[in-house]
Amino acid sequence: MTIKHHIADDLVLAYASGELDEATSLLVATHMSLCPQCRQALELAESIGGSLIEEEAEAEIADGELEAIFSRIENTKESATPAPVPERARRGSYVLPQPLRDYADGDVDGLRWRSLGGGVRHLPIDTGASRAKARLLYIPAGSKVPDHGHRGLELTLVLAGSFYDEGAWFRRGDVEEADATVEHQPVAGPEEACICLAVTDAPLRFRSLIPRLAQPFLGI
Ligand SMILES: [Zn+2]
């Protein structure tokens, strides 16, 4: 499994500091469970968070420093050597990674899908009072993902099969990020049904939050 589309750096930082709502955290955690590179980036983000506290607890993070942090995280993602995937996982014994199985109460076999028409099915995931909403989507091979409005950021994580959108293929572990201005209609690959975790209306961008990210590390 080669993951090409990762969690954005600012999302990794926001996740590390506990700033994300439950639905978005679930998607990030599920991607992390499949992606050694992002797990390494998370470790780095956590250590940067700690050192920022020591250096400038009161000061705001300057733009230049933010860029430096992002580029360090980016370099970590690029240079990380993926850990070998165990044979069992490679053969796909589970479609839903552990964080998602906890929410779905098992793997895909037991899911009570609801029809959206045209063979497309969905299953809302209960993430409590989370502002963003999480759902599983089942798109038959070769079918289009139905139109679905979202006001904020939409994150889609592929769990089985693949889809093609905006000139790129997305496969198991890949995350597509689309903001509210993007008009797109992903199409499932021809080989098998595509199962995704989609989180809609996540907070748009997190840049304004970044200067506050040190706060959770202080425990205040
Ligand atoms: Zn990743």
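Quick caveat: nothing in here was measured; it's all calculated off a predicted structure.

**Considerations on the overall build of the protein chain**
Reasoning step 1: Assigned secondary structure in the protein chain consists of seven helices and nine strands.
Reasoning step 2: Look at the contacts in the protein chain between residues 6 or more apart in sequence, and 70% of them connect residues 24 or more apart.
Reasoning step 3: Total accessible area on the protein chain is roughly 11200 Å²; 48% of this is exposed by carbon and sulfur atoms.

**Considering the sheet that holds strand S6 (residues 168-171)**
Reasoning step 1: In space, the three strands of this open sheet follow the order S6-S5-S8, with antiparallel pairing throughout. Pairing within the sheet leaves two strands with one partner each, and these edge strands are S6 and strand S8 (187-188).
Reasoning step 2: Examined bridge by bridge, strand S5 (residues 162-165) and S6 share four bridges and lie antiparallel to one another. Of the residues in S6, the one forming a bridge with Ser-162 is Arg-171.

**Here's the deal with unusual backbone geometry**
Reasoning step 1: With a phi angle near 65 degrees, Asp-105 is a residue other than glycine that sits in the positive phi range.
Reasoning step 2: Phi angles above zero are rare outside glycine, and Glu-166 is one such case at about 50 degrees.
Reasoning step 3: Take Glu-166: it is sitting in the loop between S5 and S6.

**Topic: the coordination of the zinc ion**
Reasoning step 1: In this structure, His-6 (ND1), His-31 (NE2), Cys-35 (SG) and Cys-38 (SG) serve as the protein donors to the zinc ion, at separations of 2.1 to 2.3 Å.
Reasoning step 2: What the four donor atoms of the zinc ion show is an angle range of 96 to 128 degrees at the metal, which sorts the shape as tetrahedral.
Reasoning step 3: Sequence spacing among the residues donating to the zinc ion works out to H-x24-H-x3-C-x2-C. Placement of His-6 in the segment before helix H1 (9-16) and of Cys-38 in helix H3 (residues 36-56) is noted, with a sequence separation of 32 residues between them.
Reasoning step 4: According to the relative accessible area criterion, His-6 is partly exposed, its value standing at 24%.

**A few points about the side chain of Arg-101**
Reasoning step 1: Looking at where Arg-101 falls in the secondary structure, it is placed in helix H6 (residues 98-104).
Reasoning step 2: Buried charge Arg-101 goes without a salt bridge, the closest partner of opposite sign being Asp-107 at 5.5 Å.
Reasoning step 3: Apart from the residues within four sequence positions on either side, Arg-101 is in contact with Tyr-94, Leu-96, Gly-106 and Asp-107.

The rules behind the values
Residues numbered from 1 in each chain as written. Predicted model: local features only at pLDDT ≥ 70, side-chain atom pairs only at ≥ 80, totals over all residues. Heavy atoms only, no water. Helix = DSSP H or I, 4+ residues; strand = E, 2+ residues; numbered from the N terminus. Contact = heavy atoms within 4.5 Å. Areas by Shrake-Rupley, 256 points an atom, 1.4 Å probe, with all protein chains shown as cover. Pairing = 2+ DSSP bridges. Donors = N, O, S within 2.8 Å, 3.2 Å for Na, K, Ca; no water. Tetrahedral: all angles 85-135°; square planar, octahedral: opposite > 155°, others 65-115°. Buried < 20%, exposed > 50% of the residue type's maximum accessible area, 1.4 Å probe, protein only. Lys, Arg positive; Asp, Glu negative; His and termini not counted. Salt bridge = Lys/Arg side-chain N within 4 Å of Asp/Glu carboxyl O.

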